[in-house]
Amino acid sequence: MTVTFDRDDAQRSAGVLRDERLQLTPAVPRGRGWAPAHIEVADLCGAECPDISTVLKHLTTAQQIFDRLPPPSANRVAAFNSLYFTITDRVAQALRTADVRNKDFLELLDVEFAKRYFSALRLWGDDDAATPDAWEVLFRRAQDDRVTPLAAAMLGVNAHINHDLALALVSTWEQLGPPDPDEIHPDYLLVNKIFFEEIPGLRRRYSTPFQLKIDRLVGNLDDWSQRVLVSVTRAHAWEQAERLWALRDDREDLDRALLVMDRASAYVGELLLVGDDLVNLGGKLLRGRRPGRGDDVRGR
C-alpha cells in the first residue's frame, strides 16, 4: 500500500485538534491517578497477558477494583470495563468454534488490543503525560456522575477502537507477518457480528430511565445506527493500521501520524460528551427540573 504522508499537514492537524478539543473542556479537573487503588491497578497492569483467558482474568480483576472506586458502584471506567469484558468473552467463545479461520491471528489481536487498555490505565495511574488523549477523555470523568454510564462506555469504545485497534493490528502483523486480508479479514469482521448481537443488551444495561424511554420510542433505529457506527469505525481502524504499517520504518512520520490519530480520537470523545449533556438536559427539562450551573454543557 502506497502512502503519501504530509508531515507539515499532520503537525498542523494535531495542533488544531487539540485546540478544538480544549475548547470543549475548559473546566475539566486536572487530577490523575487511581487513588486509593493505585498499587492494585499498577500491579494488574504490570502482569503478563499472554492469551485471551488471561485477558479475561485481568478484566475481572479490573472490574473488582473499579467497582470499589468512587463514586460507589458507579465509577465510569467500570462501565466501559464491563462492556469490554462482555465482548472479549464472546471472542473467547468464538475461538473455540469453527467460525474462526485463523485462531492465532484473532487471539493475538485480542491480546495486543487489551495491552493498549492496560497500558493506558498504568500511564494514567503514574501521572504520565504519555497517557493517550483518547483515554484521558474517559479517565478524567471516572468519578463524574454527570456522565451517564452509557456515555462512559461509549468513550471507552471510542478510545479503544479509534485509537488502540490500529496499533494492535500493526503489532499483530509485526509478529505474524504482513497482513493477508483474504486470510485474516473474515475473522476481523467476525468481531463486528459479535458487537451487532450484543449492542441492544449492552446499551440498555447502561441507559438511564430517560435514555430507556428514548430507546423505546425509536425502536430498532438506534440498534441499526450503532451497528453501522461499529462497522464504519472498525473498517477505519483497519485502514488506519495499513497506513501505519506503511510508515513503520520512518519513526518521525509514524510519530506524527500517531499523534494525529490520538488527538482525533480524543476530539470525537469530547463531542460524544456534548451529546450526552444535551440528552441529560432534555431529561431534566421533561421532569420539570430547572437546569442549574452544573448542567452547562461546557462545564466539563
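Preceding this section is the structure that the text describes.
Residues numbered from 1 in each chain as written. Predicted model: local features only at pLDDT ≥ 70, side-chain atom pairs only at ≥ 80, totals over all residues. Heavy atoms only, no water.

Peer 1: Tell me what's going on with the overall build of the chain, and back it up with residues and numbers.
Peer 2: The secondary structure content of the chain amounts to 11 helices and zero strands. Put simply, the chain runs from its N terminus to its C terminus through helices and strands in the order α-α-α-α-α-α-α-α-α-α-α. A buried classification covers 48% of the 300 residues belonging to the chain. When the accessible surface of the chain is summed, it comes to about 14,700 Å², and 54% of that surface belongs to carbon and sulfur atoms. (Helix = DSSP H or I, 4+ residues; strand = E, 2+ residues; numbered from the N terminus. Buried < 20%, exposed > 50% of the residue type's maximum accessible area, 1.4 Å probe, protein only. Areas by Shrake-Rupley, 256 points an atom, 1.4 Å probe, with all protein chains shown as cover.)

Peer 1: So what's going on with the packing of helix H4 (residues 76-95) against helix H7 (residues 149-176)? Residues and values would help.
Peer 2: Where H4 contacts H7, the axes come no closer than 8 Å and their chain directions differ by 60°. Crossing of H4 against H7: the hand is right-handed. Of H7, the residues touching H4 (which contributes Arg 76, Ala 79, Phe 80, Leu 83 and Tyr 84) are Pro 149, Ala 152, Ala 153, Gly 156, Val 157 and His 160. Counted by class, the contact of H4 with H7 contains eight nonpolar, two polar and one charged residues. (Axes fitted to C-alpha atoms, helices over the stretch in contact; angles between N-to-C directions. Left-handed = near helix turned anticlockwise from the far one by under 90°. Contact = heavy atoms within 4.5 Å. Nonpolar A, V, L, I, M, F, W, Y, C, P; charged D, E, K, R; others polar.)

Peer 1: Talk me through the layout of surface pockets; I want residue IDs and the actual numbers.
Peer 2: The space that makes up the largest pocket amounts to roughly 530 Å³. In terms of lining, the largest pocket is formed by 25 residues, of which the most central are Ala 130, Pro 132, His 163, Leu 167 and Leu 258. Elements with a minimum of two residues in the lining of the largest pocket: helix H5 (103-125), H7 and helix H11 (251-286). Its residues placed into classes, the lining of the largest pocket shows 11 nonpolar, four polar and 10 charged. (1 Å grid on protein atoms, 1.4 Å probe; cavity = no way out; pocket = protein on both sides within 12 Å on 5 of 7 lines; lining within 4 Å. Points joined across faces, edges and corners; volume = space filled by probe spheres on them.)

Peer 1: Any chance you could break down the packing of aromatic side chains for me, citing the residues and the numbers?
Peer 2: How two aromatic rings sit relative to each other is given by the distance of their centres and the angle of their planes. All told, the structure shown has 14 aromatic pairs when counted by the stated rule. Pairwise contacts between aromatic rings join Trp 34, Phe 66, Phe 80, Tyr 84, Phe 113, Tyr 117, Phe 118, Trp 124, Trp 135 and Phe 139 into one cluster. When the ring centre of Tyr 188 is taken as reference, the NZ or CZ atom of Arg 234 above it lies at 4.0 Å. A cation over an aromatic ring shows up here: Arg 248 above the ring of Trp 245, its NZ or CZ 3.8 Å from the ring centre. (Phe/Tyr/Trp six-rings, centres within 6.5 Å; stacked < 30°, edge-to-face > 60°. Lys NZ or Arg CZ within 6 Å of the ring centre and 35° of its normal.)

Peer 1: Can you lay out H5 for me, pointing to particular residues and giving the numbers?
Peer 2: With 23 residues, H5 extends 33 Å from end C-alpha to end C-alpha; this agrees with the ideal 33 Å at 1.5 Å per step. Taking the backbone nitrogen of Asp 104 as reference, a side-chain oxygen 3.3 Å away marks Asn 102 as the first, capping residue of H5. At the exit of H5 stands Asp 127, carrying a positive phi of roughly 55°. (Expected span 1.5 Å × (residues − 1). Polar contact = N/O pair within 3.5 Å; in protein donor to acceptor, adjacent residues only side chain to side chain.)

Peer 1: Can you tell me about the environment of Pro 200, naming the residues and giving the values?
Peer 2: Among the structural elements, Pro 200 can be located in helix H8 (residues 181-206). Judged by relative accessible area, which is 14%, Pro 200 ranks as buried. A C-alpha to C-alpha distance of 9.7 Å links Pro 200 and Arg 227, two positions 27 residues apart in sequence.

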